[in-house]
Amino acid sequence: MKKKVLLGGFDDKQIYKLKKKYKLIEFINYNKKIKNIKKIDGFVSTTRKSFEDFYYKDLNKYQSDISWIHIAGAGVEKYFMNKKINSKCTVTHAKIIQGPQVADHALALILSLTRNLNLVIKHGPFHKFKRRPIELRNKNALVVGYGGIGRCVAERAKGFGMNIDVVDRRYSPISNIVNNFYLSDEYYKALKEKDVIFYTLPLTQSSKKLFNEQSMKYIKKGAFIINVCRGDVVCTKTLYKYLKNNYLGGAGLDVIDNEPIKKNNKILKLSNLLFSPHLAGISDNLSKRTFKLIEDNLMRFSKNQELINKLNLKEGY
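Right, let's walk through the structure included here. Every value quoted in this text rests on a predicted model; they were computed, and no experiment measured them.

### Observations concerning the nonpolar core
Part 1 of the argument: Among the nonpolar cores identified, the biggest contains 32 residues, and V144, Y199, F211, I219, I225, L239 and L248 are the most heavily contacted of them.
Part 2 of the argument: Contributions of two or more residues to this core are made by β6 (140–144), α9 (187–191), β9 (196–199), α11 (236–244), β11 (250–253) and β12 (273–275).
Part 3 of the argument: In terms of residue count, α11 provides more of this core than any other element does, 4 residues in total.
Part 4 of the argument: Aside from chain neighbours lying at most four places away, what touches L248 is F211, M216, I219, G222, A223, I225, L239, Y242, L243 and N272.
Part 5 of the argument: Counting residues in each nonpolar core, the second largest holds 26 residues, with V102, A106, L107 and C152 among its members.

### Observations regarding the environment of T114
Part 1 of the argument: Relative to the assigned elements, T114 resides in helix α6 (residues 99–114).
Part 2 of the argument: Overall, T114 belongs to the buried group, its relative accessible area being 1%.
Part 3 of the argument: Sequence separation between T114 and R131 is 17 residues; the distance between their C-alpha atoms is 9.3 Å.
Part 4 of the argument: Among residues more than four places away in sequence, those in contact with T114 are R131, P133, I134, L136 and F224.
Part 5 of the argument: A polar atom in the side chain of T114 sits 3.4 Å from the backbone oxygen of L111.

### Focus: the side chain of T200
Part 1 of the argument: Here T200 is to be found in the loop between β9 and α10 (213–216).
Part 2 of the argument: Here the side chain of T200 touches G145 through a polar contact of 2.6 Å, landing on its backbone oxygen.
Part 3 of the argument: Not counting chain neighbours up to four residues away, the residues in contact with T200 comprise V143, V144, G145, I149, G150, V153, V228 and C229.

### Quick notes on the sheet that holds β6
Part 1 of the argument: Strand order in the open sheet formed by 7 strands is β8-β7-β6-β9-β10-β11-β12, and the pairing between neighbours is parallel. For this open sheet the edge positions go to β8 (178–183) and β12, each flanked by a neighbour on one side alone. Between one strand axis and the next, the sheet turns through 15° on average, direction left out of account.
Part 2 of the argument: Relative to strand β10 (residues 224–227), β9 is paired through 4 bridges, and the arrangement is parallel. Within the sheet, the bridge partner assigned to Y199 lies in β10 and is N227.
Part 3 of the argument: The strands touched by α6 are β9, β10, β11 and β12; relative to β10, the strand with the most contacts, the crossing angle is about 150°.
Part 4 of the argument: On top of the sheet, α11 reaches β10, β11 and β12; it is set at about 145° to β11, its chief contact.

### As for the pattern of salt bridges
Part 1 of the argument: Under the defined criterion, the tally for this structure stands at 14 salt bridges.
Part 2 of the argument: Measuring nitrogen to oxygen at the nearest pair gives 3.1 Å for the salt bridge that ties K241 to E213. Residue K241 is found in helix α11, and its partner E213 is found in helix α10; the two are separated by 28 residues along the sequence.
Part 3 of the argument: Take E213: its relative accessible area is 34%, and that puts it in the partly exposed class.
Part 4 of the argument: Three or more residues joined by partner-sharing salt bridges are found here, namely K17, K21 and E295.

### Quick notes on the sheet that holds strand β5 (residues 90–92)
Part 1 of the argument: If you walk across this open sheet you meet the 5 strands as β2-β1-β3-β4-β5, and the pairing is parallel. Single-partner strands in this sheet number two, and they are β2 (25–29) and β5. Neighbour to neighbour, the strand axes of the sheet diverge by 20° on average, direction disregarded.
Part 2 of the argument: Direction of pairing for strand β4 (residues 68–70) relative to β5: parallel, over a ladder of 3 bridges. Each residue of the ladder has a partner; that of I69, found in β5, is V91.
Part 3 of the argument: Helix α3 (residues 48–57) rests against β1 (3–8), β3 (42–45) and β4 of the sheet, and its axis sits at about 150° to β3.

About the criteria used
Residues numbered from 1 in each chain as written. Predicted model: local features only at pLDDT ≥ 70, side-chain atom pairs only at ≥ 80, totals over all residues. Heavy atoms only, no water. Core = buried A, V, L, I, M, F, W, Y, C linked by side-chain atoms within 4.5 Å. Buried < 20%, exposed > 50% of the residue type's maximum accessible area, 1.4 Å probe, protein only. Helix = DSSP H or I, 4+ residues; strand = E, 2+ residues; numbered from the N terminus. Contact = heavy atoms within 4.5 Å. Polar contact = N/O pair within 3.5 Å; in protein donor to acceptor, adjacent residues only side chain to side chain. Pairing = 2+ DSSP bridges. Axes fitted to C-alpha atoms, helices over the stretch in contact; angles between N-to-C directions. Salt bridge = Lys/Arg side-chain N within 4 Å of Asp/Glu carboxyl O.

This is the structure:
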């Protein structure tokens with residue numbers, strides 16, 4: 001018997017390709033035929049909207065039968081606060097494959113700040129600088145979260161001649177890129193004497209507001225904060241305080257708590273703050289990597305093999 005998989009966010013050409021390639025699966029376009037389906041084995045999305053439509057409207061109908069859900073996104077914590085997906089259901093998502101573009105964005109943020117490009121863009125080419133541009137060579141960087149994004153950030157930062165330290169929950173294979181590896185309970189120790197701190201970890205109970213008043217006790221004057229993971233990892237109130245009094249050299253944020261940010265948010269008025277509205281995960285090649293991941297898992301699903309890029313429902317990433 002063929003397995004039934006709902007497809008959310010796919011175009012007609014993609015659906016045709018999948019039907020032709022995977023004969024052991026019956027594919028159904030979620031947008032067009034959902035009303036006539038009583039039982040499904042899986043739901044696969046290529047857009048966050050298509051997943052949320054299914055999650056908030058139709059998941060309960062299929063909870064007892066569905067064995068696989070693929071979420072089109074890396075950060076998925078909010079989906080497990082309101083509803084509980086059956087623990088027997090395997091959930092996969094877009095972690096790791098977003099690493100290259102998010103890492104590019106992280107380096108774009110720090111370079112814009114250190115080279116004063118944020119001020120040039122805002123005020124024009126004749127703006128007078130209070131601080132000379134800063135070079136990254138021999139500066140100390142800390143990457144907090146050494147997963148798919150963190151590894152790519154470390155590689156790029158190393159290419160600029162930075163000294164790389166890393167914090168993560170579990171040990172990682174030894175790499176010549178990393179000088180010192182710290183476990184999560186050594187986080188405060190790792191913060192000392194860092195010129196740039198990159199936050200690239202998932203949002204969990206333990207990482208919520210990881211940057212806060214307590215962590216600021218260990219961060220040197222003039223350091224830069226870069227957050228390209230989840231907004232709630234950084235306490236915005238604390239960040240504002242230390243940017244405004246110029247203790248921090250600057251901050252580059254692609255995310256912020258309580259998104260979308262309001263136009264009158266006072267943090268946007270700070271000259272040493274660079275904010276981009278959650279753009280880091282977008283790139284010209286992401287759709288190709290997303291489709292490749294989905295194809296690999298469809299093949300595995302059709303053969304009852306273990307899926308890749310699985311979400312740990314207990315840990316939330």
